[in-house]
Amino acid sequence: MDEQVRLSGLAREEYLRTLILGAEVHAKPCEHHADLLRKVAGLCNNANQLAHTANASGTASQESIREMLRISKETWQLVKEEW
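Residues numbered from 1 in each chain as written. Predicted model: local features only at pLDDT ≥ 70, side-chain atom pairs only at ≥ 80, totals over all residues. Heavy atoms only, no water.

Draft legend 1. Highlighting the pattern of salt bridges. Going through the model one piece at a time under the given rule, you end up with six salt bridges. Aspartate 2 is paired through a salt bridge with arginine 12; the nearest N and O atoms lie 2.0 Å apart. Of this pair, aspartate 2 sits in helix H1 (residues 2-8) while arginine 12 sits in helix H2 (residues 12-20), and the two are ten residues apart along the sequence. A salt bridge links aspartate 35 to lysine 39, with the nearest nitrogen and oxygen atoms 3.3 Å apart. Of this pair, aspartate 35 and lysine 39 both sit in helix H3 (residues 33-57), four residues apart, roughly one helical turn. A relative accessible area of 33% places lysine 39 in the partly exposed class. (Salt bridge = Lys/Arg side-chain N within 4 Å of Asp/Glu carboxyl O. Helix = DSSP H or I, 4+ residues; strand = E, 2+ residues; numbered from the N terminus. Buried < 20%, exposed > 50% of the residue type's maximum accessible area, 1.4 Å probe, protein only.)

Next up, the structure:
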């Protein structure tokens, strides 16, 4: 049980109260988790802006397509490296 408490990131008392109340206790996310999610969210926002521009104009330039591919590859690389 000590290992489960440690992984949860909760104090022992809080961990036990949570279990008694019937809630699920999950392991605390890795330290780099929040940073990775911020990076991926930023890349997705950039991709969304490019898609919005393409939808508004009715066409996607080769430059926009290359940028979308770059963003996709960068996102995938971040996930592979940090997860």
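Next comes the rest of the write-up.
Draft legend 2. Summary view of the packing of H3 against helix H4 (residues 62-82). Where H3 contacts H4, the axes come no closer than 10 Å and their chain directions differ by 165 degrees. Put simply, H3 runs roughly antiparallel to H4. Viewed along their axes, H3 and H4 form a crossing whose handedness is left-handed. Residues Asp35, Leu36, Lys39, Val40, Leu43, Asn46, Ala47 and Leu50 of H3 lie in contact with H4, whose contacting residues are Ser64, Glu67, Met68, Ile71, Glu74, Thr75, Leu78, Val79 and Glu82. (Axes fitted to C-alpha atoms, helices over the stretch in contact; angles between N-to-C directions. Parallel < 35°, antiparallel > 145°, perpendicular 65-115°, else oblique. Left-handed = near helix turned anticlockwise from the far one by under 90°. Contact = heavy atoms within 4.5 Å.)

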